[in-house]
Amino acid sequence: MVDSDRSQSRRTYLKTLGAAGTVGMSGLAGCTLLGSGGDGDSSETITIAATVPETGQFSSLGAAVKQGYELGVARMDEQLDADVELIMQDDESDPEVVRQNLTQITSNNEVDMIWGSFSSLLVTAGSAYAESQGIPFIGAFFAYEAPHRNSGYEWTYSPFPKSRDVARSTRGLLELIPEAERPTNVGLWEPNSGWGEEQADYWEETLTDAGYDVVLRETFSLGNQDFATLISQSESANVEALLSTPTPPGGITAVNQMQANNWSPDVLKFVRAADPTAWWSALGDSGAYACMCPGWVPGLTGGGNQAMWSAYESEYGLDDGELIRTPVGGAYNVAQTSLQAIQGAESTDAGALQETLRSQDFETVIGTFGFEDNGLPAEGDLTAPTGQWWEGNQHTVYPDVDGRGAIDFQYPIPAWSER
Amino acid sequence: MVTTDLLVQSLLNGLLLGGIYAVAALGLSLVFGIMDIVNLAHGHMLMVGAYVAIILFTSLGLTPIVGMVVAFAVLFVLGMALQRFVLERVVGEGMEQPIIVLFGLALMLQSIGRLAFGGNAQATDIGIPGDAIAIGAATLSFSRVVTFVLSVALILGTWAFLKYTTTGLAIRATAQNSSAAQYMGIDTDNIYVLTLGIGTGLAGAAGALLSMLFPITPFVGWSYLLKAFAVVVLGGVGSVAGTLVGGLILGVSENVGVLYLGGGFRDIISFGIFVLVLLVRPHGLFGSSGGGE
């Protein structure tokens, strides 16, 4: 249970302290002002190290993350009186390679900031390195809260919805359905991982409190390829809303096996599995209706979304009916957070950035939020958007927004024979 | 709560899955039983077979059943070439040389797969329209039934080949006593080439079948190698019947065990059986020190 009054007063204190510190440091340093509106003399270079999974198991998302970072760096270049150099390497979806790459980049460069890769596996590897070096680290694409709470993070900040936000978003999604038609039986397929358990706990607690019945909660191993037993158990328990956090291959297999066994729930939310475009390329129309919580989804408005769309279309182009891929927005939001942190700190000094990250509010394409000391987005700040696959694209269905790509929540999932 | 319906469903799912476990293990069992070579690249050859089927499916729209035949042929040739041009030259240098060569080959195949196909999972589809098959309260997917039937056909075909053909007789003779077989005029070098061809061909066919049920990535090789090992140890090295029974036992144990213990126990069940059989009956249920049937 969080004491919101205490949390609020602590944040107010931090904000004051941060502002005072920033002013003090600015006054002392004088020569490291990087905010916009300077006299245009680009004498500074801000160096950012990043790794992205261009190859390996997360490679289908790596290209989009890279696009988001590149668009974000272009934006930073426009906004700052400094050159921004992004040194980005392929981490091969391997946490050891993340560490090796970051070691090599930071050994050869004066790195001011590190950006995370993709997934808990890779982001936490980068974060661990940044923590050991005392370099500010900003990473999206991991919802796992426990590392923030248990690892004593000082330099890691995650502008991304976390497990509790995903659970709240799921409740909001279900409440879009008229009460008389709303499913009541929830099934949880829990991968036997730390995040799998954490997310299942949040779902169970949040949805039980809201009056739903969790009729099934069964574990499975990450890497499991046979979901036939879970499907039979779900059918037997009359699961109407199925929630899980499988890997993309696992989620794709599960849907294929649901089809083969002629069963599907009324609502399907596979967080992370349904994030990549590989979902649609592997499943086609069979992948429709699946929901996910990828951090950013086409349809959101405000926070620079319009600028991002324009920049994306100008840089990469979009075919008719094509929407921006979700990791682009998540990565762009990392750059926006960094930009605002640097502007707020008026410096790239690690301590000043840390203070600013802890005390300032940020407005990005995913929403407006502050950070807790442990790098979590402040509780309640972010409304995690839920996306849904429909006609080959991911669309925002929750919250109920009207931006480009937003659609009404498609419910219920029809039987396979009617699709 | 585990109801009778759920139990029957899991039992049937386990049997269907066990068939494909058996065919995935058959090639490993034959090569081990007849040639005394532990093919550490077996799982990766299975992965190659799966990609052959996937390429034919995605590029030419060919059914994975055709893919299975082509995968068998491709891997058959690859296996024969491997024996003729690589393994033949290192056999006799010690037990470890073939193992090192095959381990290296496994790593090579995985890397080539990663370069060629990336990390994305891919699969094929049997493409049979209509609902799943209902048997009482149980529902069986068409693709599982089809792969089971094809798996059993492959196993029976292999058994018949070894039992009723002259070449099969020569293979069995070579397995029992290669020196005596040579004295009887059997070209054992060619028999070994053929045997590795058949073993890897079966791996390829199994891969094509697996692509109908499970997603394939370049990284699946090791996990199928371990499953195949468990089946071989369970059924007995070199025994075709033992491989089938071992596969079925493994499939059923996994599915029913998971029902009672939870999905996190799947691998514990598989490898628990593996270790238990090694301790209690190291030559397996049908195995003998004599090798092939």
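For the structure itself, consult the block above.
Residues numbered from 1 in each chain as written. Chains lettered and ligands numbered in written order. Predicted model: local features only at pLDDT ≥ 70, side-chain atom pairs only at ≥ 80, totals over all residues. Heavy atoms only, no water.

(A) View of the pattern of salt bridges. All names here are of chain A. Enumeration over the complete set of coordinates arrives at 20 salt bridges over all chains. Residues K66 and E54 are paired through a salt bridge, measuring 3.1 Å at the closest nitrogen-oxygen approach. Of this pair, K66 sits in helix 2 (residues 59-79) while E54 sits in the loop between strand 1 (44-52) and helix 2, and the two are 12 residues apart along the sequence. By relative accessible area, which is 35% here, E54 ends up partly exposed. The shortest N-O distance in the salt bridge between R164 and E145 comes to 4.0 Å. Taken together, the positions of R164 in helix 6 (residues 163-174) and E145 in the loop between strand 4 (137-138) and helix 5 (146-150) put the pair 19 residues apart, joining distant regions of the chain. The burial state of R164 is the same as that of E145; both residues are buried. The structure contains a network of salt bridges with shared partners spanning E145, R149, R164, D165, R168 and E372. (Salt bridge = Lys/Arg side-chain N within 4 Å of Asp/Glu carboxyl O. Helix = DSSP H or I, 4+ residues; strand = E, 2+ residues; numbered from the N terminus. Buried < 20%, exposed > 50% of the residue type's maximum accessible area, 1.4 Å probe, protein only.)

(B) How the structure looks around the side chain of T243 of chain B. Residue and element names in this part refer to chain B. In this structure, T243 sits in helix 10 (residues 240-261). The buried category is assigned to T243, whose relative accessible area is 0%. Aside from chain neighbours lying at most four places away, what touches T243 is A22, A25, L26, S29, V231 and G235. (Contact = heavy atoms within 4.5 Å.)

(C) Spotlight on the packing of aromatic side chains. Residues and elements named next belong to chain A. If you walk through the whole model with that rule in mind, you get 22 aromatic pairs over all chains. Ring centres of F141 and F160 lie 5.8 Å apart, and the angle between their planes is 55 degrees; on these two criteria the pair is classed as tilted. With F141 in the loop between strand 4 and helix 5 and F160 in the loop between strand 5 (156-157) and helix 6, this residue pair connects regions lying 19 residues apart in the sequence. The same class applies to F141 as to F160, namely buried. Linked through ring pairs, W189, F220, F227, F270 and W279 together constitute an aromatic cluster. Positioned above the aromatic ring of F142, the side-chain terminus of K162 is 3.5 Å from the ring centre. (Phe/Tyr/Trp six-rings, centres within 6.5 Å; stacked < 30°, edge-to-face > 60°. Lys NZ or Arg CZ within 6 Å of the ring centre and 35° of its normal.)

(D) Region of interest: the packing of helix 2 of chain A against helix 12 (residues 326-345) of chain A. Residues and elements named next belong to chain A. Contact geometry for helix 2 and helix 12: axes closest at 7 Å, N-to-C directions at 30 degrees. Relative to helix 12, the element helix 2 is oriented roughly parallel. Helix 12 is crossed by helix 2, and the crossing has right-handed handedness. Within the contact between the two elements, helix 2 uses L61, A64, V65, Q67, G68, Y69, L71, G72, V73, R75, M76 and Q79 and helix 12 uses P327, V328, A331, Y332, V334, A335, S338, L339, I342 and Q343. In terms of residue class, the contact of helix 2 with helix 12 is built from 15 nonpolar, six polar and one charged. (Axes fitted to C-alpha atoms, helices over the stretch in contact; angles between N-to-C directions. Parallel < 35°, antiparallel > 145°, perpendicular 65-115°, else oblique. Left-handed = near helix turned anticlockwise from the far one by under 90°. Nonpolar A, V, L, I, M, F, W, Y, C, P; charged D, E, K, R; others polar.)

(E) Region of interest: the interface of chain B and chain A. Between chain B and chain A, the contact holds 29 residues from the first and 26 residues from the second. Each partner contributes to the roughly 2200 Å² buried at the junction of chain B and chain A, and carbon and sulfur atoms together form 46% of this total. Taken together, chain B and chain A are joined by three salt bridges. As a salt-bridge pair, D226 of chain A and R144 of chain B come within 2.7 Å of each other at their nearest N and O atoms. Viewed at the interface, chain A and chain B are joined by eight residue pairs in polar contact (both at pLDDT 80 or more). At five residues, the largest contribution of residues to the side of chain B that touches chain A is made by helix 1 (residues 4-35) of chain B. Along the lines of polarity and charge, the residues of the side of chain B that touches chain A split into 12 nonpolar, 13 polar and four charged. (Buried area = accessible area lost by both parts, 1.4 Å probe. Polar contact = N/O pair within 3.5 Å; in protein donor to acceptor, adjacent residues only side chain to side chain.)

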